[in-house]
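Below, each chain spelled out in residue letters.
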Amino acid sequence: MDVPRLALVPPRYGPDVIGGAELVLREVAHGMTTRGWKVDVLTTCARDHYTWANHYRAGVSTDGPVTIQRFPVVNDTSGRARATVAQRLALGEQPSLGEQEAWMNDGLRVPELFHELLDHGQDYDAIVVSPYLFWTSFACGLVAPERTILRPCLHDEPEARFELFEPLFNGVARLWLNTDPELALLDSIAPGHAPASVIGEGVPVPERYDPSGFRSRHGLGDVPFVLYAGRREGAKGWEQLLDGFVATVRKEDVDLHLVTIGVGEVHIPDDVAHLIHDLGLVSDRDRDDAFAAASGYLQPSALESFSRTVMEAWLAGTPVIANAASPVVAWHCQRSGAGLTYEDDADLEQCLRFIAEAPDAAAALAGPGRAYVLENYTWPVTLDRMEASLDELAGRA
């Protein structure tokens, strides 16, 4: 029996790449090899999503059992088309299709990757492209549409409604969604979309946690703290979260620190610098232990298609305080019963006070979260769904 072949096409790939969608595809790649698939990753040489500089060497390499083919990024345009579209959107206007096309090509492009798929796309049983917003998915998604799966990681953002993406949403063989709210969003913006299934994501389950060790390694003593992990940038709601936290602790009657890990700049006001701890990038072990040591996990992003960090917090027994503007995270909180949501800074302050002033109740709130993740979002459960979809695509179901 021939070994089934799967191609994954993310814009970036590697153990040191920070990005939820990219991380998931790496875990899919390794997971599918354990199930007998030969997996090739076709991607760029970039590591950083701000510069798209060619960091990795072009060519073929391996990541354990996974074969990686890297192609150089071409990023030589002026940015004028992107600025024009940004200006249009700021004015509440919809860019024309021509402006959308110019926008898509006014940034990173990877023509050698596109040509590789043109030449060899037929060699694969299935091709998964993700996320929808990048040139890699747009250009490669319709090379072999009858065997292509789009994992869009869709947010409720203006670009999702661009006519530009309609052929992609409608023309692939199928779509893999992360949650019911993401599917509802897809239904609303692309009612003629290809067959879609809610597949979800898997989250690794740590064997153990060492919250005391984390506190000791980072000199945190026994201070109560809330945690934010991920990209510290505007699109993730980081600045608003930091402002809300600072406004709360400046009242000096809330005994709470903030620990943050991840990438992106952190500008901490001098007067509260003793309460905010930026640890930057940390090891996987430190990351797991940080979730267990925290009194609460903060998710300020309104643009989520899944929110892996929320699952990591619940696995560690930590309650979640999330931005109610994210339908996906609000949906998780409602289904699990293990989180609170806030709509504005006043709500956020009340949530922070709850964490600081009622730690036992906050810990109890997190109780159902771990069971929710184990029931719905382990890798075995997720890979079962993916394999069933792939078998159906190949006519093996």
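Residues numbered from 1 in each chain as written. Predicted model: local features only at pLDDT ≥ 70, side-chain atom pairs only at ≥ 80, totals over all residues. Heavy atoms only, no water.

To continue, consider the pairing of strand S12 (residues 296-299). Burial along S12 is two-sided: Gly296 and Leu298 facing one way and Tyr297 and Gln299 facing the other are all buried. As defined by bridge partners, strand S9 (residues 225-231) adjoins S12 across two bridges and the pair is classed as parallel. Bridging across to S12, Leu227 finds its partner in Tyr297. In the sheet, S12 pairs with strand S13 (residues 320-323) via three bridges, with the strands oriented parallel. Counted as the bridge partner of Leu298 is Ile321 from S13. In the classification by handedness, the crossover that spans S12, the intervening helix H11 (residues 308-315) and the parallel S13 is right-handed. (Buried < 20%, exposed > 50% of the residue type's maximum accessible area, 1.4 Å probe, protein only. Helix = DSSP H or I, 4+ residues; strand = E, 2+ residues; numbered from the N terminus. Pairing = 2+ DSSP bridges. Right-handed = clockwise from strand over helix to strand, strands pointing away.)

Glancing now at the sheet that holds strand S14 (residues 339-342). Overall, parallel pairing links the six strands, which are arranged S11-S10-S9-S12-S13-S14 in an open sheet. With partners counted over all chains shown, the strands left at the sheet margins are strand S11 (276-280) and S14, one partner each. Along the sheet, successive strands turn relative to each other by an average axial angle of 25 degrees, direction set aside. Contacts from helix H9 (residues 238-249) reach S9, strand S10 (257-263), S11, S12 and S14, with the element oriented near 165 degrees to S10. Packed on one face of the sheet, helix H12 (residues 327-336) meets S12, S13 and S14 and runs near 145 degrees to S14. (Axes fitted to C-alpha atoms, helices over the stretch in contact; angles between N-to-C directions. Contact = heavy atoms within 4.5 Å.)

A word on the environment of Leu8. Mapped onto the secondary structure, Leu8 falls in strand S1 (residues 5-9). The spatial distance from the C-alpha of Leu8 to the C-alpha of Ile149 is 9.6 Å, given a sequence separation of 141 residues. Ignoring sequence-local partners within four residues, the contact set of Leu8 consists of Leu25, Val28, Ala29, Val39, Asp40, Val41, Leu42 and Val128.

Burial runs high along H11: eight of the eight residues are buried. All of the buried residues in H11 are Arg308, Thr309, Val310, Met311, Glu312, Ala313, Trp314 and Leu315. Positive phi appears at Gly317, one or two residues downstream of H11, with a value of about 80 degrees.

Attention shifts here to the packing of aromatic side chains. With the rule as written, the count across this model stands at 13 aromatic pairs. Each ring, one from Tyr372 and one from Tyr377, has its centre 5.8 Å from the other, and the planes form 70 degrees; the classification is edge-to-face. Here Tyr372 and Tyr377 have matching classes, each one buried. Between Arg70 and the ring centre of Tyr56, over which it is positioned, the NZ or CZ distance is 3.9 Å. (Phe/Tyr/Trp six-rings, centres within 6.5 Å; stacked < 30°, edge-to-face > 60°. Lys NZ or Arg CZ within 6 Å of the ring centre and 35° of its normal.)

Read from one edge of the open sheet, eight strands run S3-S4-S2-S1-S5-S6-S7-S8, paired in mixed fashion. In this open sheet, the two strands that pair with only one neighbour each are strand S3 (59-63) and strand S8 (196-198). Strand-to-strand twist across the sheet, computed as the mean angle between neighbouring axes with direction ignored, equals 25 degrees. Sheet analysis places S1 next to strand S2 (residues 38-44), joined by four bridges and oriented parallel. Bridge assignment links Leu6 to a residue of S2, and that residue is Val39.

Membership of the largest hydrophobic core comes to 52 residues, with the highest contact counts inside it found for Leu227, Met311 and Trp314. Residues in contact with Leu227, not counting those within four places in the same chain, are Val259, Ile261, Ala290, Phe291, Ala294, Gly296, Tyr297 and Leu298. (Core = buried A, V, L, I, M, F, W, Y, C linked by side-chain atoms within 4.5 Å.)

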